[in-house]
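# Coordinate inspection notes
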Number of protein chains: 2
Amino acid sequence: MKSVIITVGDELLIGQVVNTNAAFIAEKLTPAGADIIRIVTVPDDEPDIYNSLNECFKLADLIILTGGLGPTHDDVTRKAVCKYFNTEPVPSEEARQYVLRFLQQRNYPWTESADDQIMIPRGAKIIPNKHGTAPGELFETDGKCLIVLPGVPYEMESMIEDFVLPYVKTKAHGRVILQRTLRTTGIAEAMLARRLGDILELLGGEKLAFLPSPTGVRLRITVSGNERTVCEEKLQRIEERIRSRAENFIYGTEKEELEEVLGRLLRERNLKIAVAESCTGGLIANKLTNVPGSSLYFESAVVAYSNRSKTEILKVPEELIRSRGAVSSEVASRMALSVREISAADIGISTTGIAGPSGGSPPEKPVGLVWIGYSDVKGTSAVKFQFGDGRTRIKERASQAAMNIVRKKILGIE
Amino acid sequence: MKSVIITVGDELLIGQVVNTNAAFIAEKLTPAGADIIRIVTVPDDEPDIYNSLNECFKLADLIILTGGLGPTHDDVTRKAVCKYFNTEPVPSEEARQYVLRFLQQRNYPWTESADDQIMIPRGAKIIPNKHGTAPGELFETDGKCLIVLPGVPYEMESMIEDFVLPYVKTKAHGRVILQRTLRTTGIAEAMLARRLGDILELLGGEKLAFLPSPTGVRLRITVSGNERTVCEEKLQRIEERIRSRAENFIYGTEKEELEEVLGRLLRERNLKIAVAESCTGGLIANKLTNVPGSSLYFESAVVAYSNRSKTEILKVPEELIRSRGAVSSEVASRMALSVREISAADIGISTTGIAGPSGGSPPEKPVGLVWIGYSDVKGTSAVKFQFGDGRTRIKERASQAAMNIVRKKILGIE
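This section reports on the structure supplied with the text.

How each quantity is defined
Residues numbered from 1 in each chain as written. Chains lettered and ligands numbered in written order. Predicted model: local features only at pLDDT ≥ 70, side-chain atom pairs only at ≥ 80, totals over all residues. Core = buried A, V, L, I, M, F, W, Y, C linked by C-beta atoms within 7 Å. Buried ≥ 20, exposed ≤ 12 C-beta atoms within 10 Å, placed from the backbone. Contact = placed C-beta atoms within 7 Å. Pairing = 2+ DSSP bridges. Helix = DSSP H or I, 4+ residues; strand = E, 2+ residues; numbered from the N terminus. Axes fitted to C-alpha atoms, helices over the stretch in contact; angles between N-to-C directions. Nonpolar A, V, L, I, M, F, W, Y, C, P; charged D, E, K, R; others polar.

Attention now goes to the nonpolar core. Core analysis: the biggest nonpolar cluster contains 122 residues, and Ile273 and Ile372 of chain A together with Ile273 and Ile372 of chain B have the highest contact counts within it. If we skip the residues at most four places from it in the chain, Ile372 of chain B touches Ala332, Ser350, Thr351, Ala382, Val383, Phe385, Ala398, Ala401, Ala402 and Ile405 of chain B. One finds Ile64, Val76 and Ile127 of chain A together with Leu62 of chain B within the second-largest nonpolar core, a separate group that totals 86 residues.

Take a look at the structure:
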C-alpha cells in the first residue's frame, strides 16, 4: 500500500524540533505493510496543507497527516482537509463524548476550545484520542484513505498503536516486508562493498542499504513479497551470504551496540575488565557503563591524561615515556598491563594517542594516531591505528576499535 | 529566499533513522535568511529524486538535497541530478585532488570507488568535503540553485557551515533575523518560566522558545525586522531582562557546553582538576576531554566502579563503605578528596549513586539517588541529588550537576 506521511508544523521547518513523529510512524507502519514512499513537512498554513494533499494523493493510496489539530494551533489542518474533501465541520456527538470523558477524568472544565475540538468534518470517522482533546479523523473515498492525527507525540503514538496499525494491517492484506540489520566495525564502506562482491547477484532483487557512522557501517537487508515463509527464507539466505563474505567484521544485529555484545561475552565467560585511557578520555568506560548490569564485569578505569598520572597511578616508568614518547607501543602496552594488575582484572585495555586538533607532529605522530594496548594472562601487546581527524570522532573510533580488539581476543578471532 | 530541503534515503522512510539532517540544515539556514517552506524525504530511487526536484523547483529558488552520494550501489542521487540538468558526469581534476588528499591523510589506497567519486556532473561547482570522499555539488541556472551534499551527518554539517551558510547569507539580502540562545542548567522548565514572569511583556512581540534536554533548558530568543541595528538593540534588551531574572542558572550561550565554560574557567585561573567517578562511569572525564586543550587542566580520572577499586585505587576505607554504604555523603567526600590528592590537582570532584535499572533500595536509596563530592584546598563536602530514572539520563544529569558545582565554586556563586 503506497503511503505518504505529511507532518504539519512551522517548528519543524525552522529546525527547532526534530521530526521524530515521522520516524515513529514509518517504523511502525512499514512492517505492517505500508510502503512509505515520501515524507513531507509543510507549514501551519491552509493552502500549503491543501496543496500537499493534492500532490501526495497522486502518488499514494494512504496519507497519514499529523499536526495542526490542537487547541492552540487553531484549525488550519481541519480547514484544509475540509476544503480538500469539499465538506464542512459539524458538531459530533461521538467526539463530544470522548472529549467530555477525557476532561472529566482529569477534573478539567468544559471550555470554548472543547467546543471547537468536537467540530468534525462531515463524512469523517472519529479516531479516539486517549491522551488529549483533539480526536483523529479518518476519510475513505475512492480507494484513497486519509488519516489525520494530532502532532503531540504521545497522543499520536497511542493512536497509531491502537487504531492505525490494525487498520493498515487489514488494508495491506498479505504484503510482507522483512528487515534485518547487520552491524560491522573496523572496515570502511567501500572496502565492505568490495568484500560483498556482486551485490545485485547476492540480493536477487531484494534491497541492501549501507549505513555508515564513525563507529562502523550497518548493513540493512529488506525483503518483500506476498508469503511470509518465502520472505523469511530469502532473508536468511541473503544474511548467510553476507555473513560468509563480511565474516568477523560483523559484531551484532539490529540496535545492538558493541559494548552490549562485549558485555555479554565478558559476562558469559566470567571475565572482569579494566581500562586505562589517555586519548579516549573516559569514553570507553562511559560506553561500557552505559550497559545495565555492567558492574558485574567492569572493574575500573583510569583516565591518565597527564604524564604524571601515567607514572603515578599507572606506574608507567618515566624513562619509558621519555625515551619512547607517551604515544607509543611500549607505553600503551604498559598501561594495559598496569591497569589490569592494579584492578585485579582479567583483561586490561588501553589507549594513548593524539586526539587533536593540536599536539600532532607529522609525519611520525600526526593527529589521529592512536596506540591501543591489550593485556591478559597470556600476554600483552599493542596495535597502531590512524583515525583521521576530528577530536570526538577520533575518540569514538578509538573506543570502538579498543572494544573490538577485546571482542576478537575473547572469541579467538584474528 | 524560498527554500526546500530534500533528504534522500530509504532508512528515513522506514523510520530506522530520525531525520536530524533536515533539522540541522533548517536550524542553520533559517537565521541566515532561507525561508524553508517544505522538507521532503524520498527513497534511494532515481525517478523519485528526479520528480521531487521537478516539483520542488516549482515552489522554491533554492533546494538543499542530501544523501545518496556515497560509493555504494544504492547511491543514485548523482544520476537523478544529471538527468534533471540534462548533463553527464565527467572526471574532475579538482575533485581528484580533494579525494586524493583525503585518502593520503588516512593512508588509504586509491580504489575503484574513488574513481566514481570524482565523476562530477558537467556544469556543477564542487563543494569540498573535509571529512569524506564524496564532494558536494552546486548548480546555478536561471536564478534557481541546487546544492547537493552527502547524507553522512558530520560530512554534511561541516559543508553547511563552511560553504552553504555564507552562500545563503549572500543571496538572502534584506530581511534580518537574529537569534540568541542562553543555556541554563539546574532548573526545571516550569520553574524557569515562572522566574521569567510575564513572558509576553518581556518579549514585546518577539519570540522565545524553551528547549529542554536532560542537561538543562536552552532559551532561544528570535528577533526579526528590517533594520539590523533595531533588531540588535531589541535582542540585547530581551537578553538583559532574561539574564536579570534567570541569573546564575545561565552558564553559557549558543552551542557552548558546560564543559567548555568550565574548561575556560579552569584555564584562566590555572587550576587543575581530577575526577573520581562511580555511577557516571567516565562520562564526566569524557565530557571534559571532549574540549580541545583540556590536557592543560584535566589531570586524571579514576572510574571506581567496584568497591574494590574504591578502596584500592582511591583509598576509601573499607569500614566507611561498610558502615555508610558506597552511595553516601561520606564516601562521595572521601572519593573527591582522594582523587585530588592522588592526582596532585587543585580540585577533586566525585560521583557515587544508583544509575539503575536495578540496585535501588527505596525509600532511602532509590534509583536516581546520587551524591556528588567536591574537594579543594579550602575543604571537602558532598551534595545529594535525585535524578529520576533512565540509566543514561541519570549519568547525563549527574555529570552536568557535578560540573556545575565546580563552576559555581570557582565563581563564588551560592
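Another point: the sheet that holds strand 17 (residues 379-386) of chain A. On the basis of which strands lie adjacent, the open sheet formed by 10 strands has the order 17(A)-16(A)-15(A)-13(A)-14(A)-14(B)-13(B)-15(B)-16(B)-17(B) and mixed pairing. Taken across any chain shown, the strands that pair with only one partner, and hence form the sheet edges, are strand 17 of chain A together with strand 17 (379-386) of chain B. The sheet shows a mean angle of 15° between the axes of neighbouring strands, direction not considered. As judged from the six bridges shared by strand 15 (residues 347-353) of chain A and strand 16 (residues 369-376) of chain A, these two strands associate in the antiparallel manner. By the bridge assignment, Ile349 of chain A is partnered in strand 16 of chain A with Tyr374 of chain A. Sitting on the sheet, helix 15 (residues 329-343) of chain A is in contact with strand 13 (273-277), strand 14 (298-304), strand 15, strand 16 and strand 17 of chain A, with an inclination near 145° to strand 15 of chain A. Contacts between helix 15 (residues 329-342) of chain B and the sheet are confined to strand 13 (273-277), strand 14 (298-304), strand 15 (347-353), strand 16 (369-376) and strand 17 of chain B, with strand 15 of chain B contributing the most and set at about 145° to the helix.

With that out of the way, let us pick up the environment of Phe385 of chain A. Residue and element names in this part refer to chain A. Mapped onto the elements, Phe385 comes out in strand 17. For the pair formed by Phe385 and Glu155, sequence separation is 230 residues and the distance between their alpha carbons is 48 Å. In this view, Phe385 contacts Val370, Ile372, Ala398 and Ala401; residues no more than four positions away in its chain are not counted.

Glancing now at the interface of chain A and chain B. With 64 residues of chain A in contact, the opposing surface of chain B contributes 66 residues. Top contributing element to the side of chain A that touches chain B by residue count: helix 2 (residues 20-32) of chain A, with eight residues. Within the side of chain A that touches chain B, the residues separate by chemical class into 35 nonpolar, 20 polar and nine charged. The pairing of strand 14 of chain A with strand 14 of chain B spans five bridges and is antiparallel. In the strand pairing of strand 14 of chain B, Val303 of chain A is matched with Ala301 of chain B.

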